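Topology and contacts: notes
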Amino acid sequence: MFLPLPKVSTRSLRLLLLASAAVLVTGSAEAADGYVVPGTGGDGGGSVAGGQPSYVQTGQAGSDAGSAAGGGGGSGAVGGAGGSTDYKDGGAGGAAAGEAGQDGGGGSLSGGGGGGGAHGFAGNASTLTSGTTYTGGAGGAGGSGSYAGGGGGGGGYGAVVLTDSASASLNGTFTGGNGGNGGVGGTSSGSGGAAGMGLRISDAFGNATINVSAGSIALGGAGGSAKGSGRTGIGGTGLLVTNTTGTTILNSNGTVTGGAGGVGTDSAAGGTGGTGLVTNAGAGGVITANVNNTVIGGAGGYSSGALTAGGAGGYGIYAGNPTFGDSGESNVNVNANVTGGAGGAAESPDARSKAGNGGTGIVGTNATITVASGVTVSGGAGGVGTSNAKDGDGGVGIGGAGALVVLEGTAKVQGGIGGDGVTQAAAILFGPTPNTLELRANANGDLPTLVGGVAHYGQADVLILGGTNDKTIDASTLAGYASGFSALSKTGTSTWTLTGDFSSSTLPWTISEGTLSISDDNNLGDVSAGVTLNGGTLLVTESIAISRTITLGTGGGGLSVAEGKALTLSSDLSGSDALTKDGAGTLTLT
């Protein structure tokens, strides 16, 4: 089923394109002014850098600042210290597992940075205790000062797990620590610390199968808040799996949720929600993730400031290595519902900005996304504005950049509803890098539902009729699915039968596998739409003449004519590979 395409906002397109940037490799949606790695310390007032997180070592210390405020420490197995100033020391990082960072010193000209939180666990999978709750330490708050406030410390990760055998079973509750709040400054305030991830898995062994048990929970922490000129912290990713080489299989049977973005106040916008699940295959690596339980993106932080926006919701799933040309491969099989995070509200009655946009349900870059029959993928709801602040846009259901999206049977993809409660985003939004959408019928002949249609930023997307189950599709239904695509293709062992007049279409066909069946030449579209036989068969079930160009691609292909019927082919027949005639009917070449 195909429902009409709504208007797609420029911001929605921009957010999708940002998904293809290499900076998104570790997993959240867009931050207010660029991506920040979960667990990073907030910048001190005056743009003093916060520390970066470390996965199994001590987090980077926040930068010392002289007369300016100190940056927040990054999280780590031991949290990084907050940066110090000439007036106040930064807070110490968490030392023991799950320990919070200490607050930076304040009350003078400039405040010190908050210390980074310590991870709840950091080590090999074989040493993880089953059924245990692991919580990352919260980042310490930045100290306040009459001139500049210190940055908040980064939140610790619930657990950082390294595979040390070919099979790893993880069972527990993994919660990222909250980012520390930024300190208040009279001239410039500190930024909130980024929250920690719930669970980060690195396939250090290589070629491992990782099972996250049913009943397990992976939840990102909440970003730290900020005031004044500071930036609000992003929410933490729920679950990230990564490798550098080999083939990794992830069976995700627990619930996965991104953390909420930090609360925006004064002139600081609400923070972006964390992504639920991230797969990141390195060069030469392959990750196959079987998602068997609910995944939800983190909610964007609300904003109570009169001139600030609510935070965007986080992605439900981000799949693929976004470095185009890299050989990393991500395959995500979605067997449970996925939803993008809700956009943060603009809560001030005097607001003049906009509520946050909902997060995209699934983003795939250089990835294959397969949505099983009966599963729903939804964009997040847009945040609600006020009488003065605009409502946020709903999130796109699935966004692709160089992606193959396969929808099976009764799968449903729907755009999120905007904060106005009415306007709906596109079900699928494809970026400028060529993408492919494949439709597969189930045994009952059901097709996927797209609520909000497919929007295309580029001009080279392909629609495939595939799978193993046969399906009859009428011209009007096919036209709805095919709108905006540049070409049509038939793959899989199934037979797809085209009915009705499709002559309004000029899209070329490639038949690579199985059979495409017609009873009239106009079932294929306008006569200018050529057909390439590339290993598959074109079946004709009535006596007709075809005058369109037929090309024999690699492996050739077949023309099959039903018994008692005649096909007259009066068009050009090009290509050097073999043409196979099947069926008891008559084929005449003129």
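Being a predicted model, the structure only gives us computed values, none of them experimental.

This brings us to the overall build of the protein. Of the regular secondary structure elements, the protein holds 2 helices and 44 strands. Relative to the 2.2 N^0.38 estimate, which gives 25 Å for 590 residues, the radius of gyration of the protein is 27 Å and therefore close to what a compact globule would have. Looking at the 590 residues of the protein, the share that counts as buried comes to 58%. Roughly 19,200 Å² of accessible area belongs to the protein as shown, and the carbon and sulfur atoms make up 49% of that amount. Of the charged side chains in the protein, 17 are positive and 34 negative; the average position of the first set lies 6 Å away from that of the second.

All told, the structure shown has 5 salt bridges when counted by the stated rule. Between R440 and E438 there is a salt bridge, with its nearest N and O atoms 2.8 Å apart. Owing to a relative accessible area of 26%, R440 belongs among the partly exposed residues under this scheme. Classification of E438 as buried rests on a relative accessible area of 7%. Connected through shared salt-bridge partners, E408, E438 and R440 make up one network.

The next subject is the side chain of R200. Along the chain, R200 turns up in strand β8 (residues 199–202). There is no salt bridge for the buried R200, and the closest opposite charge comes from D203, which lies 11 Å off by N-O distance. When neighbours within four sequence positions are excluded, R200 is seen to be in contact with Y55, Y157, A159, V160, V161, L240 and T242.

Inspection of every chain in the model, using the stated rule, returns 5 aromatic pairs. Aromatic pair Y315 and Y318: ring centres 6.3 Å apart, planes at 20 degrees, arrangement stacked. Members of the aromatic cluster, joined through ring pairs, are F121, Y134 and F174. Here the guanidinium or amino end of R200 rests over the ring plane of Y55, the centre of that ring lying 3.6 Å away.

Turning next to the nonpolar core. Of all hydrophobic cores here, the largest spans 81 residues; its most connected members are L199, I428 and L437. Among the elements that make up this core, the one with the highest residue count is helix α2 (residues 475–482) (4 residues). With sequence-adjacent residues up to four places away left out, L199 is seen in contact with A159, V161, L170, F174, V212, A218, G238, L239 and L240. Listed in part, the 9 residues of the second largest apolar core include V278, Y315, Y318 and V363.

Let us look at the confidence of the model for the protein. Per-residue confidence for the protein averages 91 on the pLDDT scale, and 93% of its residues sit at or above 70. Counting interchain partners and residues more than four positions distant, the pLDDT-below-50 stretch residues 4–34 has 95 contacts.

Attention shifts here to α2. Burial in α2 covers these residues: A475, L478, G480, Y481 and A482. Among the residues trailing α2, G484 stands out with phi positive, at a value near 90 degrees.

In this section: the pairing of strand β33 (residues 495–499). Burial of β33 is one-sided: the residues W496 and L498 facing one way are buried, the residues T495, T497 and T499 facing the other way are not. Where β33 meets strand β35 (residues 515–518), 3 bridges bridge the pair, whose relative direction is parallel. The residue bridging T495 from the neighbouring strand is T515, located in β35.

Turning our attention to the pairing of strand β27 (residues 436–440). Side-chain positions along a regular strand alternate between the two faces of the sheet. Across the 5 residues of β27, 4 count as buried, placing the element largely inside the fold. Taken together, the 5 bridges between strand β24 (residues 404–408) and β27 define a ladder with parallel strand orientation. Within β27, the position partnered with E408 by the bridge is R440. Pairing geometry for β27 and strand β30 (residues 462–466), over 5 bridges, is parallel. Residue pairing for β30: R440 is matched across the bridge by G466.

Further remarks concern the sheet that holds strand β43 (residues 579–582). Read across the sheet, 6 strands follow the order β31-β33-β35-β37-β40-β43 without closing on themselves; strand pairing throughout is parallel. Of all strands in the sheet, those with a lone pairing partner are β31 (471–474) and β43, marking the two edges. Taking the axes of each pair of neighbouring strands and ignoring which way they run, one obtains an average angle of 20 degrees across the sheet. Sheet strands touched by α2: β31 and β33. Its angle to β31, the strand with the most contacts, is close to 85 degrees.

Moving on: the sheet that holds strand β16 (residues 295–296). Strands sit in the order β3-β7-β10-β13-β16-β19-β22-β25-β28 across an open sheet of 9 strands; the sheet is parallel. This sheet does not close on itself; its edge strands, each paired only once, are β3 (132–135) and β28 (449–451). Pairing between β3 and strand β7 (residues 172–175): 4 bridges, direction parallel. Paired with T133 across the strands is T173, a residue of β7.

Turning our attention to the side chain of N290. Among the secondary structure elements, N290 is positioned in strand β15 (residues 285–291). According to the relative accessible area criterion, N290 is buried, its value standing at 18%. Within the structure, the side chain of N290 is placed 2.9 Å from the side chain of N333, a separation counted as a polar contact. Apart from the residues lying within four places of it in its own chain, the contact partners of N290 are I249, L250, N251, S252 and N333.

Although it is not a glycine, N207 sits at a positive phi angle of roughly 60 degrees. In this fold, N207 is placed in the loop between β8 and β9 (209–212). At N366, a residue that is not glycine, the phi angle is positive and equals roughly 55 degrees. Tracing the backbone shows N366 in the loop between β20 (362–365) and β21 (367–371).

A word on the environment of T127. Within the secondary structure, T127 is located in the loop between β2 (122–124) and β3. Of note is the side chain of T127, whose polar atom sits 2.8 Å from the backbone oxygen of N124.

Basis of the calculations
- Residues numbered from 1 in each chain as written.
- Predicted model: local features only at pLDDT ≥ 70, side-chain atom pairs only at ≥ 80, totals over all residues.
- Heavy atoms only, no water.
- Helix = DSSP H or I, 4+ residues; strand = E, 2+ residues; numbered from the N terminus.
- Rg over C-alpha atoms; globule rule 2.2 N^0.38 Å.
- Buried < 20%, exposed > 50% of the residue type's maximum accessible area, 1.4 Å probe, protein only.
- Areas by Shrake-Rupley, 256 points an atom, 1.4 Å probe, with all protein chains shown as cover.
- Lys, Arg positive; Asp, Glu negative; His and termini not counted.
- Charge placed at Lys NZ, Arg CZ, Asp CG, Glu CD.
- Salt bridge = Lys/Arg side-chain N within 4 Å of Asp/Glu carboxyl O.
- Contact = heavy atoms within 4.5 Å.
- Phe/Tyr/Trp six-rings, centres within 6.5 Å; stacked < 30°, edge-to-face > 60°.
- Lys NZ or Arg CZ within 6 Å of the ring centre and 35° of its normal.
- Core = buried A, V, L, I, M, F, W, Y, C linked by side-chain atoms within 4.5 Å.
- pLDDT = per-residue confidence, 0-100.
- Pairing = 2+ DSSP bridges.
- Axes fitted to C-alpha atoms, helices over the stretch in contact; angles between N-to-C directions.
- Polar contact = N/O pair within 3.5 Å; in protein donor to acceptor, adjacent residues only side chain to side chain.

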